[in-house]
Every structure is written in structure tokens, then in C-alpha cells.
Amino acid sequence: MEINWLQKIGNFGLTLSIVLVYGLLMGAFIERIIAKVQGRIGIPYSQPFINILKNFFKRTAVSHGVMFELGPVFRIAGGVGTLAFIPVIFGSETFSNFSFAGDLMLVIYFMFFGQLGMALGAGESGHPYAAIGIARGLSQMTSYEVPFALAVVAIVIQYDTLSINEIIAAQQGGYQNWTLFTNPIAVAAAMLAFLGMTGYSPFDIFLAPQEIPIGPPTEFHSAYLSLLQANRALFGATKLVLFMNLFFGGATGWVELMIKTWVIYMVAIAVGVAFPRFRVDQSIRFFFRIPTLIGIASIVYVQMVLVR
Amino acid sequence: MVDLLHPLGIYILALGAGFLIPLLYGSSPKLATGLFVTALTGMAVIAGAGFFALAGGAASIEIETAGIAPPFSINLRFGLYESLFVFAVNLAGLLAALHYLPRLREQAATLLLFIIMIMGIDGMVMTRDLFNLFIFIEITSLATYSLIGFEGREDLLSAGFKYIIATSVASTFFLLGTAFIYYQTGTLNIDDIIANQSLISGPVGQVALLLLLTSLLIELKPYPANGWGLDVYETAPGAIASMISVGVSAGVFFALYKVLPLFGDFLTSIAVVGGITFLISNVIGLKQENVKRLLGYSSIGQVGLLVVALALLQKYGQQTHLALIVGGLFINHLLAKAGLFWLAGVVQRERIKDWSSIAGQPLLLLVFGVCLAALIGLPPFPGFWAKWGLVLELAVNNLYGWIALILVGSLLEAAYLFRWFGHALRAGDTAPVTLSVTELMPSAVAAALLAITGYITATHAGVVPLQLFLPLYAAAALFLLDGLPGRFKSLLMIAIVAAGGVWVARDLQGLNLIFGIILVGGGVLMAVATLYRSDARKGFYPLLAGLLLSLTTLLTAQTSLEFFFSWELMTLTSYLLVTLGRDAVKPALPYLLFSLGSAFLILTGFAAAFAATGSTELTALGSVGDAVPVVFSLLALGFIIKAGGFGFHIWLPNAYSEADDDFSAILSAVMSKASIFGLVIVAAHLGVRADIGLDAAYVLGWMGMLTATFGALMAVFQEDLKRLLAYSSMGQLGYIVAGVALMSHLGWVAALYMTVNHFLFKGVLFLAAAGVIYRTGTDLMYKMGGLIKNMPVTFVAVMIAIIAMSGVPPLSGFGGKWMLFNAMMDKGWYWLAAVGFFSSAVAFLYMFRILQTVFLGQRKLEHKDLQEAPAILLAPQVIMLAVIMLLSAYPKLLLDPLSVAIAPYVPGALVWDGWALETHLGYWNAPVIMMIVGGVWVVPLVFLLLVSLTIKVQPVKQFNIVYAAERPHRPEDTHYAYRFFAHYERAIGFLVKPRATAFWSAAGEWSHTLAGSLRIFYTGNGQTYAFFILVYFVALYFANGGTV
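Residues numbered from 1 in each chain as written. Chains lettered and ligands numbered in written order. Predicted model: local features only at pLDDT ≥ 70, side-chain atom pairs only at ≥ 80, totals over all residues. Heavy atoms only, no water.

**Some points on unusual backbone geometry**
Where the residue is not glycine, phi is negative for most of them; where a peptide bond is considered, it is trans in most cases.
Residue and element names in this part refer to chain B.
Item 1. Of the consecutive residues Pro-379 and Pro-380, the connecting peptide bond is found in the cis state with omega at 0°.
Item 2. A cis amide bond, omega 5°, links Pro-809 with the succeeding residue Pro-810.
Item 3. Its place among the elements puts Pro-810 in the loop between α30 (792-806) and α31 (813-827).
Item 4. The phi angle at Lys-221 is positive, at roughly 60°, despite the residue not being glycine.
Item 5. Note that Lys-221 resides in the loop between α8 (202-219) and α9 (227-235).
Item 6. Judged by relative accessible area, which is 2%, Lys-221 ranks as buried. (Helix = DSSP H or I, 4+ residues; strand = E, 2+ residues; numbered from the N terminus. Buried < 20%, exposed > 50% of the residue type's maximum accessible area, 1.4 Å probe, protein only.)

What follows is the structure in C-alpha cells.
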């Protein structure tokens, strides 16, 4: 196919900027809501932007080695790359990014890219807590991948395709075609997995934000940290876009995208503010129980009911 | 003109010498001894000349007495089979006599008796008269009794006396039987009796035949009436024991063969007797610690096997096959057993544990190993060809129960024989033994003859020996040059393997060519890495050449026999190579046993295919028809055991981790592909279909994915680097097996693509591990740490290999996972696809662990000045990394040839849109992905570089307070590495409890207990033994329809 690379890259840059800004704003918005719930005022909307810029403009940095410096590079490459392979706005050539290069499997496997590189970068920091945090984070990841994989298999059977564009296309024509309503069991399993993916309570042991600062965010600073913070917003938004595309009918316009992703995110936040944190072995076991059962049920459901 | 080489000369020489020796001994013992040796040599020469003449087509020689024709006189026959047995026994006798000469020459009587014993055996073989047979049996027995006892020790005398009791009872039975037969038929000539068989009828005839049969069987020492035989084996001197084992047994066995036509109704009983003896002797052998008694069990077992073969082939098979199979087994047994008894006689260590005294002596170990390998039926010795023929013949007649019995017995025999060998490989507490050339000579000659007869048998079996035996020639050549310096030998080995491999593989096509590139090219690349060690490494280079070349000949196999030959050769060489590791002898035995078990399953599978098609051509597998599920199940199970399939994997981690580091790389990257090759070739030719249900291929797919999952899970919890990589190999092979099980075009493309990739990844990882272990001196990951500063190239290599292996785009592992997932969804194997996701995720854990615990984190103080791995070890890694990067960007370069190679067997094609691969479900455009990922990676990198130019970046090292937990006085302690996934273990550790290990250990325990309880019949009491013999006869009588 004929690809106008320059235009593609330009369009992708545009998408990236929009999603990044949106991610940061949404982050701020959510923080303010949590603050209200907890009886505080909350941060100003500009705070995430200021954080990134502040870190970026710091005049000194400490480097533990080459891999240390490459860690944030991998991380943000992972975030940006994942977004690059997801069509953001359905039906829009401008905002379909590089989704012609690979399908859903590419996206799922590529999500590990950033995590792996980040883990290596934090490892060279020399701090054992970073390693502990990563060990916990990876272990948790393997377990929430199980219901997610089962849900993905279910929808692949349902829609008979791995192409994200086609999955979105099959969900057009009214909200009753969303996977949410045609295959709610798979969506339930996937949303439970999503709770693990976001890294909010009750699955935030690997960051342990309010207690012992642990893991990668503690070790990085200056420009490194600004890249990580940018990625946090970006990757978070990307995951939301992916879930929206797979389970909630995709978006034909930016406003629709923002509303849907905000609603999905609120689910995770609502759970997060209400529940305390699991211990890491508890969180690992959690996903192997009910969520996996729901995932298995979704495949059975699809095979017996939908594909007849 | 007198024919000096006439067979009658044997008796003339023997009797003449027997007469003269006592006469001369008084005046000149030296002369008497000289006469003794000359007579024996003459007997051997005559027999040998006769054998070669008959083999060349001369007619049998009949010797009549007093010029009167039978049946009125006794006649001797010297036919082809007689000549073989006589030659073999005489030669063995000569060698035994030379071995034992220092003791034999002490008395005239012993010299005389020895020659008479040999003559008696020859007579047993040649005579055609029943009563004459009895006479010769008695002659042999008398000589044997006396020789047993002449050393005069108490245990010897008591054993000899039990021998007398037992054989006297047997002889009595024989005489009674002869009498009754004469009563009914009126003749004593065997040929006449057989011609007038119908006259032997009624209860009298029945009893007569059974008496005769019992007598012959008792002489062959069947279980449970063989306690007396074992006592003799245990106590008698090596030479005498060897003659009883191979000589007397040969004579009695041939006698049984001669009268076998009379026992037409009893063939099943005979087979059962032989089979029980074979199986149970080998079970009991498991518990035996005494060397000679162990050899006794093995002897009795082998004779049992010969009896089984004789009876079953007589009943069901063809005469020519009988000759080849039984003859092959006999020669094998004779040479190997005699060699071992003689070796035991000179090494003179009673317990098998004490055989550590021969450790480190290459020639001794070679002779020892050759004899043992021949006994098990490993190539290239005659026993291999004979066993192949036997199993095929039994399969044609649907006698799978017997096949199982024979193979299980062989496996047990391998267990205790190679346990003994293992003791000989490790230096222990006992003082080393050095043998002179004359002491070693008889056993060495036996070993050499085994090799020669193996070659001859091979030519009879219809294979092309030059090509097939190439690995052995290469190994032999390098063995002779084993005294050269290490690196020189390594270069020589690389040259030989490269040249030999290319020559053998020159005509390969399609699938075989693809595997050829991996096995030959990959093998040579790995072999180059062995240059990093400069020490002598005795035995390593010959064996490695043998292994790599046998992998090559595996590829060129046209028939299942050639395939199996190369397969067993690969098993043998890889076992020996594993034992060369530091502490590897103990884990090598389970490796050998599981490999042999898998080889026996493959043998049975091929036999079943032969039974269905009548041909051993591999392409003929296509016409197996209804038997496809059975054949496929047997073969697939065999291959999957060798690949470390789940449940049969317990040998894998130990063997991989204890073997030499560079050899572990070869085991994992190269040799494991042989199982995949076998699976692919067999499935390709069989034309297996894969549907859901209790379908063999679906089960295979599940086995593959379970192996992948549990291999990954078990790898997560390992502390030892090589064990982790071993479990990882096991897991990755599971994916490949599942891919093959799909039996679809895309599935096979995925499987072969993953095969190539696995070779690359694991090659890099194991070589990198070898480098790290070489520098740090430890295998344990928690003793390392922070090595990224010292070994950056190794780190990069490991990192790229790990990213690729985990399936993260853009590197090549992703393609394999993607294609596998697509293929599984196409087939409707949804659960397997989900399991695959899970095990992929788990694989991340251990991959990250390697990087974190070895290269990142805190460095130990003693590793401060560690150097990078040797360049010769890095070079293959760099090459393989370059290939990985190439394949990641342009997978089409590999996928198209794979698709073309597979298309003849599993029709289909890959659909391309330019560089993008399209399937029914999705699409994958590797070059574009590579560019995009490269782009999104380079941009932040450049950005960061620019930023670092504008700000002040301060590098910190290990003892800076910022680097590690603000604990600068002992940062090396705060390396999180031990029990890295303790939390994971707490959460799901119950999944990886060592259940398989417990199962197999229990199986071993139960076998030992069984062995102990089966010894209940060995009371050590001569009267009890006599009673058992009587009971044996009664049991045989009632078993064959006798009435009270």
C-alpha cells in the first residue's frame, strides 16, 4: 500500500500531542475528584504539566550507568509505540496511526516493551527496593494477563478477527452492538484485568505510593523523571483507548473518545478509592480466581451462544 | 592329502594335547603350557577356517564314525551355524586361557581340564546323536566342576558343589528323557528322531520330551531355579565364569536349537521361561553391588533373551531371520560378557563402587564402555541390529506384549550396567588400578571384535556403512589424537565436523535441508565456542564430533533403521558428553535411561509401521493406514520424552545444568532440535490429521502447552543460572511441539520458525551464561550481580536474546507467537491459545530475573575486576544476534523457504501483502514495525542526549551514597537476588511442587523393593536348589497339559 510517511508521522505527532495533553488533564481531573472525596481541595489542572516541565528544566542529574539512562527511553518508547499501533478515532485516516502494521496481538505484546526496559533501567539504579517493586509488578502482571487473555480470545472468536479496526467496525450501529452488551462476560473479565493494569488500589503494591517509596519512580529524577511522568499519562490514556476500542464501541470523534475513556477510568478510580491495598501474593491469587473463571465463562459463552 | 583344517582336527588336537600335557608337565611345565596354548590356537584356527569357508558357500562337513552311516553310528555335523558357534567358543576359550594362564599353568590338571571343557562344548554343538550329546554335556560339566573348585577357596568349593548338584539333576533328567525317547522311536540320532516325531506320543512321550526340555532349560539357568548358577558366577575366577557364561551356555543353547523341532508344542512355554528369566534377572540386578554376581544376573538374563528369541522366532518367524537375529544376539552376548568377565578378573575390585579405581584411564574406560554399550544393544554393535530385527519380527506377528517385556528388561539392564559405569567414571577413595597390556589384551580384543562384527552385521542389514559410520570414524580418529593440546584438538574437531557435515548434507532438500542448516551450521558455530577452554578435556572432542556428525546422518536417513541408528548413536554420545561435567555423572544416568526409554518407544513405533507397511523406508510411513494413531502415538511419545515433555522432564534440569557449560549450549540449542526433526518428519510422512477430541495430535498439543507452562513456572524459582535456562528450554520446546501438533500449514511454519529462533536465542543465552560462569566461577545467580559494568557485551547479548525470546515486538520471537496464536485460533484450539498467553507472561519473570540478578543491582566486591567473556565465546553470540536482528526486520527471508519446504507435506501457503503477512484473522508487517519502534525509540534517546548536553550529569558508582539504598559502607550486600520471587511462590507455588520427581523416585524405589523380594528363591542352600529344579519340572509338566 502506498504510505505517505511524512503525513503519517505528522498525523501521529498530532494524535500523540492530543492524547498526552488529554492524559495529563484527565489525571489532574481525577486527582481533584479523589481529593474532594477525601475532603481536600486538590491540585490545580496545570500541575501535571508543571511537574513535567519542572523536572525537565532541572540543571543537574545523576546517572547510574547507560542502562539507567536508557530505562526511561524504553519506557516512553513503549508508551508512544503502543499508541502508534492503535487506531484512535474510527473512520478517520488522520488518526488511525500505524495500525496497518500490526493487529491486536502486536499491541498486547508491545505493551511489555516499555515495562521490560523500565525494569532494566531501575535495576541498574542499584536500589534493592526497585528490584522488589519490579518483581512484584511483573508477578502481578502475569496474573492479570490471564483474564485479559481469556477475554481477548473470547472477542477474537466472537468477531473472527484480530484487527482492531475490524473489531471497532463490528461494534458500530448503535450502543447495543458494543461488546459490553453483546459479550458482557468478556468485558467483565477484561475490566477486572484492567484494575490490575492501571496499578491503582488495590493492586498498587509494586508502587506502594503512600508508604515506602518503592520501584522505578523513586530512582529517577530530572529529565528521566519527566519522561516517566509523561509516559504515565500517555500510557494510561493509551490503555483506555484500547479498552474503549475493544469493548465499548470505539470512538468516531474526539469528544466521544474523551467521554468514554473518562467513564472507563472512573471505574478503576472508584474501586481504587474505596478499597485498601492487597498484599502482593493476595493480588496475584485474586486474578487466578473469579476473574479467570469469568474469562473461561466468556469463552464458553462465545462458543456456545454467539458462534452458532 | 590330509586336510589339516578338517573339523575332526579339533578333537584330535584336544584329546592329543589332553593326553600329552600331564605326561610332559612333570619334566617341563613350560613345554606343556606351550602345547596347551598351541592346541587351543589350533582349535580356534580350524574352526575359524571352517567358518569362513562355509560362509563363502562351501558345503557342510559330515563326520561319521567308523565309516558307518547314521543312524547306526554317531555323526558330527559341521555346518554354517555349528561353525559359527564353535569358532566363537574356541576363540573365547583361547582368550580366556591367555587371560588366566598364570593360574592355569600351576597344575597340569587345570590345563588338561580346560582343553577338555572346550572340546566338550564343541562336541555339544557338533554332535547329531542324543546320547552322544549327553556324553559331551557330562564331559563339559566334569571339566567345569573341577575348574570351578581348583582354587580351593571355601566359597568356591561350596558354589562348585551346588553346581554339581544342579547339573547332575539336569543330566539325570536328560538321560531319562533320552531313554524314553529311544524306547518310543528306536533311534538315538537326532535327525532320525525329528523325522519320526510322531512316534513320540502319549504320556510317556510327553514326559520324555519334558524331561529333555527341562534338562536343557535348567542348564541355561532359568529363574527361579538358578540360584546355584549365580553363586558360581559370584565366586568363580573371571576366566572360568566367562567360559560358563558364554561357552557352556553356548553349547547348551545350540543343543536346544538342535532338538527344538521336537518341542513344537512347548514353544510358548520355552518363550515364557526365557522371558521371565530375562525380565526378572534384570530386575534383581538393580540391587546388586557385587560385580561378578551382577555380571551373573546379566548373563542369565541375556541367555533368557536368546531363549525367548529362539522360541518366538521358531514359532512365528522365518528361518533366515532366526539365524541372523539369534546369531547376532549370541555373538554380542559372547564377546561383551566375556570381555566384562575378563576385565573384572584383572581389575579385581569386588564391589561396583570400587571401580572408581579405573577412572581417568581412557583405554580401560573405552573397553569397559564398549562391552556395556554392546550389551544394551546400542549401535554399532551386533546386538543393535539383532534387537532391531527381533522387534520388527515380533511386531509383524503382533506380539507387542513380548516387545514390551524385552524392552523393559533391556531398560532395567541399562540401569544397573550404567550405574556401574558411572562409578567407574568418578575418581573415588579406592587406589587406582593400572593394567599391563597383556592383562588388558583379552578384553580389548573382545571389544575390537565387537566393533568389527558390528560392522559386518551392518552390511548384512543393508545399510550404507560408510556414511552411517562416519561419526564413529571421526570419533575414533580424534580419540587416537586425544593426547594433543586442547585448542588444537578443538580446531581439528571443528574442521572434521564441518567437512563431514557438509559432505553428508550435500544432497539435502526441503525440510531436511532446513534442519541441516540448524544442526550442521549451528553445530559448527557452537563448536567454535568450545575454543574458549584451553584444557585437555579428555574424551570431549571425539565425542562431540561423534554427536554432531550423528545428528547430520540423522538428517540423511532414508529408512527407519538408519534413523534409529543415528538416534541411538546420538543418545550414547550425548550421555557420555554429559558425564564429562564436574558433578555430572549422577544426573547423567536418568538422562540415559529416559533417552533409552524414548528410543525404545521410537523403535516400537517404527516396528508397528513396518508391520503395517512391510517396508522400513521413511516415505512408506504414508501407507500405514489404520494404524496411524498407534504408530504416531508411540513415535510422538518417544520424541516428546526426549524433548523433556511435561511429566518426563525430570532428567532435563540436572543434565543441562551439570554438563559442561559449552556443551549445555549445544544440548539446548542444537540437540533438542533433533526431537523436533523426528516429530516433524514422522508426522509429515504419516500424514496425521489434527482434530479436537481424544485425537493423538490434540493430546500432543496439550502436552506441548503444559510443558511450556510448567517449564516457565519452574524456571521462575531457580537460583542456578543453568537450571533456569534448562527449564526455559523445556518450556520453549513445548511451544514448538504444540505448533507441530497443529498439523496445519501455518502451525508448522510457526513451529519451524520458532525452532530456528530458539536455536538462536538459547545459543546466545547459554554461551553468555558460559562466559559469566567462566569469569565468576559460580552458577548461582545470587552470587553475582552488577556485572553490566564488567561485561557489557554479554549484557547486551543477553538483553536482546531475552527481549526476542519473550516475544516482545519488534524482535523475531513475536512472529512465532503471533503465527502460533493465529494457527491455534484457526484450528479452534482456544484454550491452548489462552494457556500460551499465560506461559508467555510467566516467561517474562524469569527472563527479567536473569538480567536483574546477574547484570544489574549491586556488584560483589570480588567481581570488581572481572573481565568480559573471552572473545571466542562472544563471536558466535554476535553472529547469532546479527541473525536475530535480520530476521526481526525481514522475517519473510526465513518464512518463505519454510513454507515451501512444508508445502509437500501439509498443503497451504502464506499470504503476503508486500512484506506484511496476512492470515484469516490478522496481519503482521515486520519491517514497518521495526521502523516504527526504531523511530519511537531513537527520538526520546536523541532528546535525552541533547538534554544531557545542556545539564550537568554526574555519573555515580557503587560506593556513592546515591547508588543503592544510602548504605555506602556495604552496598554489595543489598543485592536483591535470592528467592527473587518469594511472593510468587507463596501465591502459586503449589503448582510447581516436584510431583514428577516424586513419581519417578517412587518408581525407582518400588523396582528396588521388587528386586529385593524376588531374591527370595536364592537361599544359598544346595538342597533347596535341587528341590526347586524338581518343582520346575513338575510345573512345566502341568503347564503343558500334563495330567496326574
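**A few points about a nonpolar patch on the surface**
All names here are of chain A.
Item 1. Together, Ile-290, Leu-293, Ile-296, Val-300, Met-304, Val-305 and Leu-306 line one region of the surface with nonpolar side chains, adding up to about 590 Å² of accessible area.
Item 2. Within the element layout of this structure, Val-305 appears in helix α13 (residues 290-306).
Item 3. For Val-305, a relative accessible area of 48% corresponds to the partly exposed category. (Patch = residues over 30% accessible without salt bridge, like charges linked within 9 Å, V, L, I, M, F, W, Y side chains within 5 Å. Areas by Shrake-Rupley, 256 points an atom, 1.4 Å probe, with all protein chains shown as cover. Salt bridge = Lys/Arg side-chain N within 4 Å of Asp/Glu carboxyl O.)

**Structural notes on helix α12 (residues 280-288) of chain A**
Item 1. For α12(A), every residue scored as buried is listed here: A:Val280, A:Asp281, A:Ser283, A:Ile284 and A:Phe287. The buried residues of α12(A) occupy an angular sector of 165° when projected down its axis, which confines them to one face.
Item 2. Against α5 (128-159), α8 (184-198) and α13 of chain A together with α36 (982-988) of chain B lie the buried residues of α12(A). (Arc of directions from axis to C-beta. Contact = heavy atoms within 4.5 Å.)

**Things to note about the packing of α5(A) against α13(A)**
Residues and elements named next belong to chain A.
Item 1. Where α5 contacts α13, the axes come no closer than 8 Å and their chain directions differ by 10°. The orientation of α5 relative to α13 falls into the category roughly parallel. On α13, the residues that touch Val-146, Pro-147, Leu-150, Ala-151, Val-153, Ala-154, Ile-157 and Gln-158 of α5 are Pro-291, Thr-292, Gly-295, Ile-296, Ser-298, Ile-299, Val-302 and Leu-306.
Item 2. When grouped by side-chain class, the residues that make up the contact of α5 with α13 number 12 nonpolar, four polar and no charged. (Axes fitted to C-alpha atoms, helices over the stretch in contact; angles between N-to-C directions. Parallel < 35°, antiparallel > 145°, perpendicular 65-115°, else oblique. Nonpolar A, V, L, I, M, F, W, Y, C, P; charged D, E, K, R; others polar.)

**Things to note about the interface of chain A and chain B**
As a measure of interface size, the accessible area lost when the parts come together is often cited.
Item 1. With 75 residues of chain A in contact, the opposing surface of chain B contributes 69 residues.
Item 2. Both sides together, the interface formed by chain A and chain B hides about 6,500 Å², and carbon and sulfur atoms give 78% of it.
Item 3. Counting every contact that joins chain A to chain B gives 21 residue pairs in polar contact (both at pLDDT 80 or more).
Item 4. Elements with a minimum of two residues in the side of chain A that touches chain B: β1 (60-63), α3 (66-84), α4 (104-123), α5, α10 (222-247), α12 and α13 of chain A. (Buried area = accessible area lost by both parts, 1.4 Å probe. Polar contact = N/O pair within 3.5 Å; in protein donor to acceptor, adjacent residues only side chain to side chain.)

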